[in-house]
Every structure is written in structure tokens, then in C-alpha cells.
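Breakdown of the fold
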Amino acid sequence: MSATRISRRALLGVAVAGAVSATSGFSSAMGRTPLGGRFSLHLPWPTRALDPHDLRDPAAALFGAAIADPLYGLDGAGNLYPALATALPTREATGTVVRLREGLRTARKVALDARDVIASVERARSRGGAAVLTDIPRPSPYPGDSLAAIFGSVDPQKLARALASPLVSLLPRSFDPASPDGTGAFRADCGFDKLTLTRNPLAARGASFLEGIDVLRADDLTTSLRSFEAERNDVGWLGLGLHGERRGSFRFDLGRAAWIVLAIGPQAGGFGAPGVAQRLLDAVPPERLGHLGLGALPQASGDPAWGGPPSELLVDEGSAHLVEIGRTLAPILSRPGHEVTVMPMARGEIGRRRAKGQATLALEVVRAAMPGPLGALLSLAAADDPARARELAQHPPRLAPNATARTLTHSLHVGVLGELRVMGGQMPDLVLARGAEGWDLGASFRKHKR
């Protein structure tokens, strides 16, 4: 197989081997990986829209990689490879050039060319990809080649690394978050109560093994566990059941899909200083959050008392998991005269209030812009102040290779509470493959029953 056309199937061996060894011990030659089947689950996260370019979109954190691909990818060793491009960027007389693979179509049968590359990069620049695209020139068409775009004279490796960010995925010019479209293993159909993922036979890097996935929106954390225990779902979010463990099921944890952060606005007075958010969250007793699936939390140090004015803690009303986290956190922070009250509202309204400096406290999801500590820092900084994130991208600080997200926020107005982790319970006939961030649903499959 050509290095310029690395497919999802070609890369599947490592992902499935890791997932299988961590679960049932079942092994299968890749040529005999079962096709077909579907699974269902209830999720306490929104299903109405999905935007891979949105830094704070929980649906994109969980399903963005299933429906859209970046132009370049990173292998397990951190090496770049072309995913939707014909090759790594090349220096030519006109500048640094990226050429799209010929014949690419989205799941909704939209033909893609360089105009979509240009539109995607600029759309990402105005949204979650602003920091990683800081030093990337605006692309322009390549005269006489409808599949090529010119990115000034930027270093080819630097360009490829920026275009490998999931926040800069290739989307059609007509992209609509309510009817998302891309080149990924699945087509997504969004609704208020349900997100349906269906195998995409036009997928640029290989269609999914599964025929489909039914994601039902849950209004609380118990619905998924109850449905899994009652054998109505194939996956239980965060556990093996509500009242007892479902027979034959086992736990899985495929890692972080995003961070859960607390943002403090300018109305907080002295408590709005950089680093205060993280200081408060570092003082929260981890045992108070243990039921929320936030990953490994450090031992508490300090005082979690909120000393700012009585404040509303803004939380996305469509994210039941986030609302429950907020309802757990608010009383820990509250003190007489400094009460914190959870206020669920539309995520778009939270964004508007934050942009106007009218949100004292907000609990949000933040996705990783790229792997490693620098990617974490750029994402968290962008969630705080895009201008600050661009400064850090231009002059990146030296960071320890093992630096955690919680240690990177001392100069920011956001603090990391924990992680949005892809974890819970599943039945043994379902193999969930690990991805770069959470799961790789395109590489997941169901075993044939014997």
C-alpha cells in the first residue's frame, strides 16, 4: 500500500490489537475482521449538532474523528503521514503546496477540491484551530490545479503538523453542524434526542466495520446504566449497571477525549486572577467527584472556597454529564456570602456571555489541539483567551515531556477539573478500538456469535 494512501484498515492492526488485548483476549486475522452489526448506547451529552472545528464541542470530542479526517495524521511514534493529501507538503516555486487526493467525496456525496481545503483552514482559523494555525499563511488556489493549495513559504513540516490537528479537519464548504459531513468512516445524522452513525462507503481512509451506531441522548447519568443493566444497550456510560452489574459485562477505559475545565471571568474581582481557577480545583477532594468518571484526580491541597461575588456557574443545558458535575462542584466552592449556583443554559449563550465578559464562572469541555503538553497548553489557553494562545504558539515555552494539563494553567483564567473519558461497561462481543483521543469507532467491530 502506498504511503500516501494509508487507510483506516491498514492502521487498524495496532488499534484493534490494543483494544482486544485490553478486553477479551480474542484475536482475529485482520482479513477476517467481522463486518456488519451495530451497537447502541445512551450518552449524557448532546446529539443535536457536531462541529469538528469547535474547541468546546463535546459531540466533536466523542465523535468528530468518526466523521471527519484531517489532511495529515500522526502515527504512534509521532511521525507525520498524508491522510487526505497525496503526500507531505512540498516546496515549489510558487510556495509550499498541499495536494488533495483525487476523487474524494464526503459521506453526503459532496466532491472535494482545493476550495474546500482553503475554506476548512480559514473556518478552523476562526474557531478552535486558531492557535495551531497562528504562523500558517492563508492558503490560496494553485493556478491550473484544482486539487492544490499554496500556503505561502511556510516550512512544510510545520504546515503538515498544523494540518494534522483534529481542529483543522477537512470539511466541505457547505458544512452545517446540524447536518455534519466529512470523509470519515461514518455518516452522522443529528437530532435532538439521537445521533445516528452509519457506515460511510465513500470514506477516504476506509469505511467502518460496523454498519452503524445509535447514540441516544440521556437526561441524566443513570439512564445509560439503567438501559445497559436492562440489556437494552450494548454500552453503559461510566459503569456496568445502575443497581447491579450486568451479567457477562466488563469495564473499559479508552482514555481522554477532552478536558473538563472551570473558566473564571473578569467579574470575579480578585478571584479572577490567573491561576485562581486551578488553585480552587486542586483543593477539591477527589472523593467528592469519584462517581463522575473524571479520571485519576490528585489529592486535594489548599482551600476550595470561592471568594468572589455570589455567582452563577454556567453549564451547557444539553450536556447532562456536565450539569451533574456542576451540581457536585457548586456546593464545594460555595461559602456564605459567596454562593455558587448552577445555571444550565444553551452552549451558544454561554459563549456569547463569555465573549462579552458577562460570565463569572463557566464549566466547559475543551478538546486537545494536538498531542503532548504543548497541544494541551494551546487548547487551554485558547479556551481562556485566543490572543494569549496565539502568543504561546508563536513563542512556545519549554515544557516537561510528562507535564499534565493541570500543571499548565498557572497563567490562565481556566483550570482543569478532570477529563471527559470514554469509559464504562460493554458486552464481550463488542470490540471498541482505542483512538488517539478516546475511541476509534471506525476500527471497532462486533464478533460473530458462534
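A short tour of the structure in this document, coming up. If you're wondering where the values come from, they're calculated on a predicted model, not measured in any experiment.

1. Examining the nonpolar core
The biggest cluster of nonpolar side chains holds 66 residues, and the ones touching the most others in it are F63 and I260. Formed by 52 residues, the second largest nonpolar core is a distinct cluster that contains L55, L378, L380 and A381.

2. Some words on helix α5 (residues 222-229)
The complete set of buried residues in α5 reads T223, S224, L225, S227 and F228. Of the surrounding elements, those touching the buried residues of α5 are β1 (38-43), β11 (235-237) and β16 (414-426).

3. Here we look at the environment of W306
Structurally, the position occupied by W306 is in the loop between α6 (276-282) and β13 (311-316). Residues W306 and L333, 27 residues apart in the sequence, show an inter-C-alpha distance of 5.1 Å. Setting aside residues no more than four positions away along its own chain, W306 makes contact with I264, A268, F271, L280, S311, L333, R335, H338, V340, T360 and L361.

4. What about the packing of helix α9 (residues 372-384) against helix α10 (residues 386-394)?
It is the contact of α9 with α10, at a shortest axis distance of 6 Å, that shows an interaxial angle of 150°. When the axes of α9 and α10 are compared, the pair comes out roughly antiparallel. Here α9 contributes L377, L378, A381, A382 and D384 to the contact with α10, which in turn contributes P386, A389, L392 and A393.

5. Regarding the pairing of strand β14 (residues 340-345)
Note that β13 and β14 share six bridges and pair parallel. Bridged to V315 within β14 is P344. In the classification by handedness, the crossover that spans β13, the intervening helix α7 (residues 320-333) and the parallel β14 is right-handed.

6. Points about the pattern of salt bridges
Throughout the structure, instances matching the rule amount to 34 salt bridges. As a salt-bridge pair, D135 and K158 come within 3.0 Å of each other at their nearest N and O atoms. One end of the pair, D135, is in the loop between α3 (114-125) and β6 (140-142); the other, K158, is in helix α4 (residues 156-163), with 23 residues separating them in the sequence. D135 sits in the partly exposed class, given a relative accessible area of 31%. Looking at K158, the relative accessible area reads 40%, which means it is partly exposed. A salt bridge links R388 to E391; its shortest N-O distance comes to 3.7 Å. Of the two residues, R388 and E391 both sit in helix α10, three residues apart, roughly one turn of that helix. Here E391 falls in the partly exposed class, since its relative accessible area comes to 44%. Salt bridges sharing common partners tie together D113, R115, D116 and R173.

7. Some details on the packing of aromatic side chains
Applying the stated criterion to the full structure yields three aromatic pairs. Measuring from ring centre to ring centre gives 6.5 Å for F209 and F445, while their planes differ by 75°; the resulting arrangement is edge-to-face. Here the residue F209 occupies a position in the loop between β9 (194-199) and β10 (212-217), and F445 occupies one in strand β18 (residues 439-446), the gap between them amounting to 236 residues. An identical accessibility class is assigned to F209 and F445; each is buried. Each ring, one from F271 and one from W306, has its centre 5.4 Å from the other, and the planes form 75°; the classification is edge-to-face. Remark: W306 occurs in the loop between α6 and β13 and F271 occurs in the loop between β12 (250-264) and α6; sequence separation between them is 35 residues. You can call F271 partly exposed: its relative accessible area is 21%. On the basis of relative accessibility, which here comes to 1%, the residue W306 falls in the buried class. Here the basic side chain of R99 rests over the ring of Y142, its NZ or CZ set 5.0 Å away from the ring centre.

Here is what the cut-offs are and how they apply
- Residues numbered from 1 in each chain as written.
- Predicted model: local features only at pLDDT ≥ 70, side-chain atom pairs only at ≥ 80, totals over all residues.
- Heavy atoms only, no water.
- Core = buried A, V, L, I, M, F, W, Y, C linked by side-chain atoms within 4.5 Å.
- Buried < 20%, exposed > 50% of the residue type's maximum accessible area, 1.4 Å probe, protein only.
- Helix = DSSP H or I, 4+ residues; strand = E, 2+ residues; numbered from the N terminus.
- Contact = heavy atoms within 4.5 Å.
- Axes fitted to C-alpha atoms, helices over the stretch in contact; angles between N-to-C directions.
- Parallel < 35°, antiparallel > 145°, perpendicular 65-115°, else oblique.
- Pairing = 2+ DSSP bridges.
- Right-handed = clockwise from strand over helix to strand, strands pointing away.
- Salt bridge = Lys/Arg side-chain N within 4 Å of Asp/Glu carboxyl O.
- Phe/Tyr/Trp six-rings, centres within 6.5 Å; stacked < 30°, edge-to-face > 60°.
- Lys NZ or Arg CZ within 6 Å of the ring centre and 35° of its normal.

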